Amino acid sequence: MKFTESLWQENADIYEKILKHPFILELASGSLSIDRFSFYIYQDSLYLNEFATALAVTGTKAPVSKDKLTFLSFAQNALLVEGLLHENYMDSLPKQDQKGASPSALAYTQYLLATSSLKPYAVSAAALLPCFWIYKRVGDHILAHQAANNPYQNWINTYAGEEFAQSVSQMLALVDGIAAQSTVAERDSMRQAYRKATQYEYMFWDSAYHLEKWPV
Ligand SMILES: Cc1ncc(CN)c(N)n1
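As named in an unreviewed UniProt entry, the protein is Aminopyrimidine aminohydrolase, taken from Dyadobacter jejuensis. Recorded in UniProt under Sequence similarities (unreviewed entry), the annotation for the protein is "Belongs to the TenA family." The Pathway (unreviewed entry) comment attached to the protein in UniProt states, word for word, "Cofactor biosynthesis; thiamine diphosphate biosynthesis."

Printed below as a string of structure tokens:
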């Protein structure tokens, strides 16, 4: 079994919880409130900026230039392709009262930035994989289960689309290649990083659904 397949199986419990989360159920039915979606898009636009930095930093550690370029192109796509989707939405959605990242969003981006800055290449790459793979699987799942005339169609089309699918395949191949050259201990660290980022993915949806605020 591929290393990435084992990661998926070990973390299927969290993926099942994501699929049953009201944010995802309501995104698929089109009934998600505009306030919640708007909160999510604003938080995600902040997230994408930091995510792109974490991708670029991870790229600097790649031992071969082909893989460096791949990480840099992922960073570029996060800012241009996903960023454009968010900019288009932000122009038409209600403005947010709360400025800056929510507690969960900040925790997630700081985790990715710290991991990409301070941990080995293999661990950084594993921490970034859920950001690709979970969105692809959630996008595909929603596309297959969505209601007609869904107001969030552009979002669904981006993550269930061919361009995003190609990035995900590239990222999976990269992580499998890195794992094949890693020791058992390194693979264990990769597993831990993958699970932590998967937990943060769940928390990101959950915090958007609850319009999470700073308590003080
Ligand atoms: C929180 C989060 N995770 C992942 C993705 C997909 N790059 C995203 N846009 N936002």
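Colleague: Tell me about the overall build of the protein, and name the residues and values.
Modeller: Along its length, the protein carries 10 helices and 0 strands. Each helix and strand of the protein, ordered N terminal to C terminal, gives the series α-α-α-α-α-α-α-α-α-α. A compact globule built from 216 residues would reach a C-alpha radius of gyration of about 17 Å, and the protein, at 17 Å, matches this within 12%. Taken along the three principal axes of its C-alpha coordinates, the protein extends 45 × 35 × 30 Å.

Colleague: Hey, could you go over the site of the ligand for me, with residue numbers and the actual values?
Modeller: Every residue close to the ligand is listed here: Asp-44, Tyr-47, Leu-48, Glu-82, Cys-131, Tyr-135, Glu-201 and Phe-204. Those elements that place two or more of their residues in the shell around the ligand are helix H4 (34–61), helix H7 (121–145) and helix H10 (184–209). For the shell around the ligand, the element with the most residues is H4, which contributes 3 residues.

Colleague: Lay out the nonpolar core in plain terms, naming residues and giving numbers.
Modeller: Nonpolar side chains in soluble globular proteins generally cluster together in the buried interior. Core analysis: the biggest nonpolar cluster contains 57 residues, and Phe-51, Leu-55, Ala-126, Leu-129 and Val-175 have the highest contact counts within it. Elements supplying a minimum of two residues to this core: helix H3 (22–29), H4, helix H5 (65–92), helix H6 (103–118), H7, helix H8 (153–159), helix H9 (162–180) and H10. In terms of residues, this core owes the most to one element, H7, which gives 13 residues.

Colleague: How would you sum up the packing of H4 against H7? Please name residues and give values.
Modeller: Close contact between H4 and H7 brings their axes to 10 Å; oriented N to C, the two are set at 145 degrees. At the point where H4 passes H7, the crossing takes the left-handed sense. Contacts between H4 and H7 pair Phe-51, Ala-54, Leu-55, Thr-58 and Lys-61 from the former with Tyr-121, Ser-124, Ala-125, Leu-128 and Cys-131 from the latter. Of the residues belonging to the contact of H4 with H7, the class tally is 7 nonpolar, 2 polar and 1 charged.

Colleague: Got a sec to walk through the environment of Tyr-202? Specific residues and values, please.
Modeller: Relative to the helices and strands, Tyr-202 resides in helix H10. Under the C-beta neighbour-count criterion, Tyr-202 is labelled partly exposed, with 18 such atoms within 10 Å. Considered as a pair, Tyr-202 and Leu-19 are 183 residues apart in the sequence and their alpha carbons are 9.6 Å apart. With residues near it in sequence (within four places) discarded, Tyr-202 still touches Ile-14, Lys-17 and Ile-18.

Colleague: Help me get a handle on the UniProt feature "domain: Thiaminase-2/PQQC" (unreviewed entry) in the protein, residues and values and all.
Modeller: The UniProt record marks residues 9–209 with the feature "domain: Thiaminase-2/PQQC" (unreviewed entry), using the residue numbering of this structure. A helix fraction of 84% and a strand fraction of 0% characterise residues 9–209, whose end C-alpha atoms lie 26 Å from each other.

Colleague: Can you break down unusual backbone geometry residue by residue, with the values?
Modeller: Residues other than glycine seldom take positive phi values, yet Asn-149 does so here, at roughly 55 degrees. Topologically, Asn-149 is positioned in the loop between H7 and H8. In this structure Asn-149 comes out as exposed when scored by C-beta crowding, with 7 C-beta atoms within 10 Å. One non-glycine residue, Leu-211, adopts positive backbone phi at about 45 degrees. The class of Leu-211 is partly exposed, set by 17 C-beta atoms lying within 10 Å.

Colleague: Got a sec to walk through the packing of H4 against H5? Specific residues and values, please.
Modeller: Think of two packed helices as two axes; the pair is described by the angle between the axes and how far apart they sit. Where H4 contacts H5, the axes come no closer than 8 Å and their chain directions differ by 170 degrees. Classified by the angle between their axes, H4 and H5 sit roughly antiparallel to one another. Seen from H4, the contacting residues are Ile-41, Tyr-42, Asp-44, Ser-45, Leu-48, Phe-51, Ala-52, Leu-55, Ala-56, Thr-58 and Gly-59; seen from H5, they are Lys-68, Phe-71, Leu-72, Phe-74, Ala-75, Ala-78, Leu-79, Glu-82, Gly-83, His-86, Tyr-89 and Met-90. Of the residues assigned to the contact of H4 with H5, the class counts are 15 nonpolar, 5 polar and 3 charged.

Colleague: If you had to explain the environment of Thr-53 to someone new, which residues and values would you point to?
Modeller: Structurally, Thr-53 is set in helix H4. For Thr-53, a count of 18 C-beta atoms within 10 Å translates into the label partly exposed. As for Thr-53 and Leu-112, which are separated by 59 residues in sequence, their C-alpha atoms are 9.2 Å apart.

Criteria and thresholds
Residues numbered from 1 in each chain as written. Predicted model: local features only at pLDDT ≥ 70, side-chain atom pairs only at ≥ 80, totals over all residues. UniProt positions renumbered as here; feature names shortened; annotations may be inferred. Helix = DSSP H or I, 4+ residues; strand = E, 2+ residues; numbered from the N terminus. Rg over C-alpha atoms; globule rule 2.2 N^0.38 Å. Near = placed C-beta within 6 Å. Core = buried A, V, L, I, M, F, W, Y, C linked by C-beta atoms within 7 Å. Buried ≥ 20, exposed ≤ 12 C-beta atoms within 10 Å, placed from the backbone. Axes fitted to C-alpha atoms, helices over the stretch in contact; angles between N-to-C directions. Left-handed = near helix turned anticlockwise from the far one by under 90°. Contact = placed C-beta atoms within 7 Å. Nonpolar A, V, L, I, M, F, W, Y, C, P; charged D, E, K, R; others polar. Parallel < 35°, antiparallel > 145°, perpendicular 65-115°, else oblique.

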